[in-house]
Amino acid sequence: MPREIQIEVASDVVCPWCYIGKRRLEKALALLAGEVSAKIVWLPFQLNPAIPDAGLPRAEYRKAKFGSVERGRELDARVAAEGKGEGIAFAFQRMERTPNTRAAHQLIELAQGQGKGAGVVDALFHAYFEEAKDIGEAAVLEGIAQANGVSGWPGQANPTDVAEKEEGVRSLGISAVPTFILARRFGVSGAHPPQALADAIRQAL
């Protein structure tokens, strides 16, 4: 019988390494097929909670963060190369805004309560990174909720609960994402290769 394990993933949907990490976690679990039965729980973590609700122009934000537009492009190229190996076609050149992800995390939390978290997380990553959509926009979030069969959005979202959960993540000392918390025993930070993640899951068990 497969052994059960809960894997909590502290992640932000505007973090490209979190998207890559999600794909690598899926590959790790495929390596453990028949050996492990995993319950995945997505934990909210805003990389940039101070971003205005309307977001910021991405070029302006990246220049302020990395010192120059050119440096930002170099980092994008590195991530795009890594993503290609995971089947992700990053559309950095078409992305115009860096959104605030508070509402996106609220949608993920609502979806998880309905057993639809995985689909919503994937849809948010895909919309932002591959379709260059602004996932801070209400219409984009509404479309993702409808496409994934999430009921009660946005009226039944619980901002207070999500904010408290994010504070809980930070209280664990987590300051970088993705971070995988394995069976509440230890954490693995970073988008590690699938075999390394599989080995860490075995160790947690």
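Refer to the structure presented above.
Asker: Requested: an account of the nonpolar core, with residues and values cited.
Answerer: Counting residues in each nonpolar core, the largest one holds 56 residues, and the members touching the most others are Leu124 and Leu182. Of all the elements in the fold, those that place two or more residues in this core are β1 (3-11), α1 (16-31), β2 (36-44), α4 (102-112), α5 (117-129), α6 (138-147), β5 (179-182) and α8 (194-204). The dominant element in this core, judged by the number of residues it contributes, is α5, at seven residues. Filtering out sequence-adjacent residues up to four positions away, Leu124 remains in contact with Val13, Ala104, Ile108, Ile135, Leu141 and Ile144.

Asker: Residue-level account of the sheet that holds β2, with values.
Answerer: Within the open sheet, the four strands sit side by side as β2-β1-β5-β6. Their pairing is mixed. In the strand order of this sheet, the two ends are held by β2 and β6 (186-189), each with one partner. The average angle at which neighbouring strand axes cross in this sheet is 25 degrees, direction not considered. Against the sheet, α8 touches β1, β2, β5 and β6, its axis set at about 175 degrees to β6.

Asker: Let's hear about the pattern of salt bridges: which residues, and what values?
Answerer: What the rule picks out here adds up to 17 salt bridges. The salt bridge partner of Arg24 is Glu82, with a shortest N-O separation of 2.7 Å. Residue Arg24 is located in helix α1, and its partner Glu82 is located in helix α3 (residues 69-84); the two are separated by 58 residues in the primary sequence. Arg102 is paired through a salt bridge with Asp53; the nearest N and O atoms lie 3.0 Å apart. Taken together, the residues Arg102 in helix α4 and Asp53 in the loop between β2 and β3 (56-57) connect sequence positions 49 residues apart. Accessibility expressed as a relative area gives 59% for Asp53, which makes it exposed.

Conventions we followed
- Residues numbered from 1 in each chain as written.
- Predicted model: local features only at pLDDT ≥ 70, side-chain atom pairs only at ≥ 80, totals over all residues.
- Heavy atoms only, no water.
- Core = buried A, V, L, I, M, F, W, Y, C linked by side-chain atoms within 4.5 Å.
- Buried < 20%, exposed > 50% of the residue type's maximum accessible area, 1.4 Å probe, protein only.
- Helix = DSSP H or I, 4+ residues; strand = E, 2+ residues; numbered from the N terminus.
- Contact = heavy atoms within 4.5 Å.
- Pairing = 2+ DSSP bridges.
- Axes fitted to C-alpha atoms, helices over the stretch in contact; angles between N-to-C directions.
- Salt bridge = Lys/Arg side-chain N within 4 Å of Asp/Glu carboxyl O.

In short, shape yes, function no, at least from these values alone.
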